[in-house]
Structure formats: C-alpha cells, structure tokens
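# Structural description and commentary
Next come the chains, spelled out residue by residue.
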Amino acid sequence: MISLLLGTGLFFTIRLGFIQFTGLKEGFRQTFGPLFSKKKKEGISSYQALSTAIAAQVGTGNLAGVATAIAAGGPGAIFWMWISSFLGMATIFAEAVLAQKFRKKENGVVKGGPAYYIRDGLGSKKLAVFFAIAIIAALGFVGNMVQSNSIADAFHTAFNIPPLLIGIIVAILIGLILLGGIKRIATFAGNVVPVMALLYIIGAMAILILNIDLVLPALSLIVESAFTPESAGGGVLGASIKEAIRYGVARGLFSNEAGMGSTPHAHAVANVKHPAEQGFVAMVGVLIDTVIICTATALVILVTEGAGSNLTGIELTQASFSSGLGSFGIYFIAFSLLFFSFTTILGWAYFGETNVNFLFGEKGVPIYRGLVLLFIIGGTVLNVPFVWQLADTFNAFMVLPNLIALIALSGIVKKAYKEIKP
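Right, let's walk through the structure included here. Remember, predicted model here, so these are calculated numbers, not experimental data.

### Things to note about helix 16 (residues 313–325)
- Across its 13 residues, helix 16 extends 19 Å between first and last C-alpha, which sits within 8% of the 18 Å expected from 1.5 Å per residue.
- Of the residues making up helix 16, those classed as buried are Gly313, Leu316, Thr317, Gln318, Ser320, Phe321 and Ser322.
- Residues of helix 16 that are buried sit in contact with helix 5 (60–73), helix 10 (181–210), helix 15 (275–303) and helix 17 (328–360).
- Two residues or fewer past helix 16, Gly326 is found with a positive phi of approximately 75°.

Structure follows, in structure tokens:
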C-alpha cells in the first residue's frame with residue numbers, strides 16, 4: 001500500500017513537472033487571497049473547503065502517529081515523512097482536480113468525490129460502489145470509533161472523566177453540526193481549524209524557543225538518521241533505515257491522507273472558476289498537516305529527549321510536552337487532541353455521508369447519522385486494537401480503487417493543469 005501511494009505521488013510529480021515547486025505559491029494565493037477581498041463568494045469558498053479537508057487530516061496522527069513513527073523508526077522517520085508529504089502534494093492536486101471536474105449538483109447541493117469520478121470518469125459503477133461502501137465503513141464508522149476513543153482516553157487521564165460521558169457529549173455536538181450540512185461544517189471548520197492549529201503550534205514553539213540550542217541538532221539528527229544505521233538506532237527501539245522509511249512514509253501518508261480518497265469530498269464543493277485552482281489549494285493542506293504540524297510534534301519530542309524513553313504513541317507526546325511545559329503539558333495535549341480528533345470525526349462523518357447519498361440518496365442520510373453517533377459513543381468504551389486493524393483494512397479498500405482512477409484519468413489532470421499553469 002505504501003509503495004502504491006508513493007508510486008502514484010512520484011508519477012504525478014513527474015507528469016505535472018514538479019508541481020510542488022511551481023504551484024504552491026498559487027495555492028497560497030488561491031487560499032488566503034480571497035480572505036482579504038471585499039467581494040463575497042456564493043457557496044463554499046476555497047478556504048472553507050480547505051479547512052474542512054484539514055479538519056479531517058489533522059487528527060491523532062499528528063500527535064500519536066508522529067510519536068509512534070519516532071519510537072519505531074527513529075528520528076530519521078521524520079525525514080521520510082517529509083518525502084511522503086512532498087510526493088503527496090502532487091497526488092492530492094490530482095484528487096482535487098478530478099473531484100471538481102466530476103462533481104454533481106443534487107437537490108441544490110453540490111457533491112463530489114472519488115465515487116463520482118470513478119463512476120463518471122472511469123466508467124465503472126461497480127468500482128464506485130465498492131469505494132463508497134469502503135469509505136463509509138473505514139471513516140464514518142470504524143475510524144470515528146478510534147478518534148472518539150482517543151478523546152476519551154486523553155480526558156480520562158487528565159481529568160478522570162468517565163469515557164462514556166465524553167462519548168455522549170461528543171456525539172451530541174457532532175450531531176448538531178452535521179444537521180446543518182456542508183455549509184455549517186465548512187463554517188465551523190473555517191473558524192475552528194486555524195485557531196486549533198495556531199494554538200498547538202504556539203505551544204510547540206514555546207518549548208522549542210526554551211530549547212533553541214537543541215533545535216538545529218535535532219534537525220541534523222533527523223537527516224542523519226534517515227541514511228545512517230547507527231544514528232537511526234540511537235537507542236530508539238533498535239530502529240534501522242528500513243524501519244525509518246517504513247514508519248515515516250506510512251505515518252506521513254496516512255496523516256495527510258493524500259491518495260486515500262477522503263479529502264476530495266471537501267475540495268469538490270468549493271466554488272472556484274477552474275478545477276485546477278482547488279488543486280493548488282489542496283496542496284497547501286498537505287504542507288500544513290505534515291510539514292508544519294507533524295514537524296512541530298517531532299521536534300518537541302526530540303529536544304525534550306522523550307524519544308529516548310520506552311514510551312510510544314500519545315503517551316510519548318504527552319510526556320514530551322509535560323517535560324517542556326510542566327504539568328500544564330498534559331492538559332494542553334488533552335485539549336489539543338480533543339479539537340484535532342473532534343474535527344476529524346466531523347470531516348470523516350461528512351465524507352461518509354456524501355457516499356451514503358451516492359448509494360442511497362437523501363433517504364439513507366438520517367440512518368447513517370444515527371449510526372455514526374452510536375459508533376462514536378461505542379468507541380469510547382471499547383478496546384480498540386482490533387478496531388485499528390479493521391480501519392487499516394478498509395483504508396486499503398478505499399485506496400486501491402481511488403489510485404486506479406487517478407492513474408487512468410491522469411490525462412484530464414494534466415490538461416487542467418496546463419490550462420491554468422502558474
């Protein structure tokens with residue numbers, strides 16, 4: 001799966017002439033330029049669509065996933081995470097372009113995503129149905145159980161609040177926002193995502209400034225460990241270069257979700273003049289998710305020497321922030337995880353809803369929403385190692401049909417890029 005995702009990213013990087021360098025500036029202009037314009041766009045703006053996509057991208061992977069990558073693959077895993085995000089920018093450009101190109105307006109509401117471009121672009125209704133079922137199960141149900149479990153664990157540890165109570169509160173809040181449809185979700189994401197990302201980055205930067213003399217050595221260690229077996233080992237669970245590549249690439253790809261077929265649902269609804277405009281915007285999401293937020297987490301772990309412990313996952317991140325911020329660090333990570341996971345649940349629930357609509361029409365949506373809320377509550381009280389494995393399996397079912405469509409329709413992507421090449 002990692003090879004397929006990386007290979008697709010490399011394919012689009014070459015076919016689009018290293019769009020990561022030529023298109024990123026345009027991505028920032030398309031994303032943030034309209035915020036300073038007095039003209040108001042109808043519908044969902046590029047910024048709101050990106051915020052909805054980032055809401056889904058930034059989750060437990062940015063806190064727990066990075067820690068796991070370092071613990072299992074050594075500091076060098078972060079270098080390979082950067083490589084995966086670089087290639088992922090080209091893939092996510094293609095996803096956003098196709099989502100825009102093949103979107104549909106149903107009952108006055110714009111919808112789109114891989115199921116639509118697989119059916120209408122690739123011409124395979126069966127493969128589209130297969131993808132839709134896989135994403136409903138992987139993200140809408142199973143994935144959201146994992147996210148709610150992370151929230152419940154963090155708050156139970158920090159405040160001793162019963163997990164079930166946390167699950168009920170989260171489910172009620174998610175339900176209220178979902179009832180408002182994509183406009184309410186986009187508005188909420190547009191307001192919350194920048195604040196949550198900025199606060200987390202400020203917390204991480206505070207630790208890095210206090211340990212400023214260790215930041216450059218940490219960056220140097222990341223690069224050295226990516227290629228030197230001895231440095232990669234460094235007492236971190238016997239890491240090797242192979243493991244650094246494996247865990248870095250895996251955590252990077254599954255953090256920014258490039259190629260997975262999830263975020264195109266958000267990019268499809270943006271009101272833009274040309275599909276490629278949203279493709280450039282989508283690239284900014286990968287940069288924010290992996291290069292900025294994941295790197296901030298990684299550097300905090302390295303400068304506080306948390307990587308030398310036997311901890312992994314969210315416990316390693318909590319311990320590192322506690323080392324840097326004192327006992328406040330535990331509460332800081334609990335609230336960060338709450339916002340990150342909450343917005344991921346919201347994004348994933350919407351992505352699943354789009355595919356329920358694709359399969360069954362509007363009549364299936366209320367039933368789906370009710371099931372999502374039950375899975376959110378259930379996830380807080382269950383032991384989830386098996387659920388994680390189940391989610392990974394359904395993720396694979398999502399990725400395969402999406403990558404087939406992306407490669408097959410790459411000519412459309414290249415044509416769209418040429419029409420608006422910066």
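### Considering the packing of helix 9 (residues 163–178) against helix 18 (residues 365–379)
- Contact geometry for helix 9 and helix 18: axes closest at 8 Å, N-to-C directions at 155°. The pairing of helix 9 with helix 18 is recorded here as roughly antiparallel in orientation. For helix 9 against helix 18, the interelement crossing comes out right-handed. Across from Leu164, Gly167, Ile168, Val170, Ala171, Ile174, Gly175 and Leu178 in helix 9, the residues of helix 18 making contact are Arg369, Leu373, Ile376 and Ile377.
- Of the residues that constitute the contact of helix 9 with helix 18, the class distribution is 9 nonpolar, 2 polar and 1 charged.

### Looking at a nonpolar patch on the surface
- Taken together, the side chains of Leu164, Leu165, Ile168, Ile169, Ile172, Leu173, Leu176, Leu179, Val381 and Leu382 make up a nonpolar region of the molecular surface, amounting to roughly 890 Å² of accessible area.
- Tracing the sequence through the fold places Leu382 in the loop between helix 18 and helix 19 (385–408).

### Section: the pattern of salt bridges
- Tallied over the full model, the rule gives 5 salt bridges.
- Salt-bridge contacts for Asp120 lead to Lys104; the nearest nitrogen and oxygen are separated by 3.7 Å. Remark: Lys104 occurs in strand 1 (residues 104–106) and Asp120 occurs in helix 7 (residues 114–122); sequence separation between them is 16 residues.
- The class for Asp120 is partly exposed, based on a relative accessible area of 31%.
- Overlapping salt bridges, with partners in common, bring together Lys104, Arg119 and Asp120 in one network.

### A look at the packing of aromatic side chains
- This structure, assessed with the given rule, holds 28 aromatic pairs.
- Aromatic pair Tyr116 and Phe358: ring centres 5.0 Å apart, planes at 70°, arrangement edge-to-face. Residue Tyr116 is found in helix 7, and its partner Phe358 is found in helix 17; the two are separated by 242 residues along the sequence.
- Overall, the relative accessible area of 1% leaves Tyr116 in the buried class.
- The buried category is assigned to Phe358, whose relative accessible area is 13%.

### A word on helix 5
- When the terminal C-alpha atoms of helix 5 are compared, their 18 Å separation across 14 residues agrees well with the 20 Å that a helix rising 1.5 Å per residue should span.
- With respect to burial, helix 5 is a largely interior element, 13 of its 14 residues being buried.
- Taken from the residues just after helix 5, Gly74 is the one with a positive phi, measuring 80°.

Criteria and cut-off values
- Residues numbered from 1 in each chain as written.
- Predicted model: local features only at pLDDT ≥ 70, side-chain atom pairs only at ≥ 80, totals over all residues.
- Heavy atoms only, no water.
- Helix = DSSP H or I, 4+ residues; strand = E, 2+ residues; numbered from the N terminus.
- Expected span 1.5 Å × (residues − 1).
- Buried < 20%, exposed > 50% of the residue type's maximum accessible area, 1.4 Å probe, protein only.
- Contact = heavy atoms within 4.5 Å.
- Axes fitted to C-alpha atoms, helices over the stretch in contact; angles between N-to-C directions.
- Parallel < 35°, antiparallel > 145°, perpendicular 65-115°, else oblique.
- Left-handed = near helix turned anticlockwise from the far one by under 90°.
- Nonpolar A, V, L, I, M, F, W, Y, C, P; charged D, E, K, R; others polar.
- Patch = residues over 30% accessible without salt bridge, like charges linked within 9 Å, V, L, I, M, F, W, Y side chains within 5 Å.
- Areas by Shrake-Rupley, 256 points an atom, 1.4 Å probe, with all protein chains shown as cover.
- Salt bridge = Lys/Arg side-chain N within 4 Å of Asp/Glu carboxyl O.
- Phe/Tyr/Trp six-rings, centres within 6.5 Å; stacked < 30°, edge-to-face > 60°.

So, to be careful, I would describe these as geometric facts and stop short of saying anything about function.
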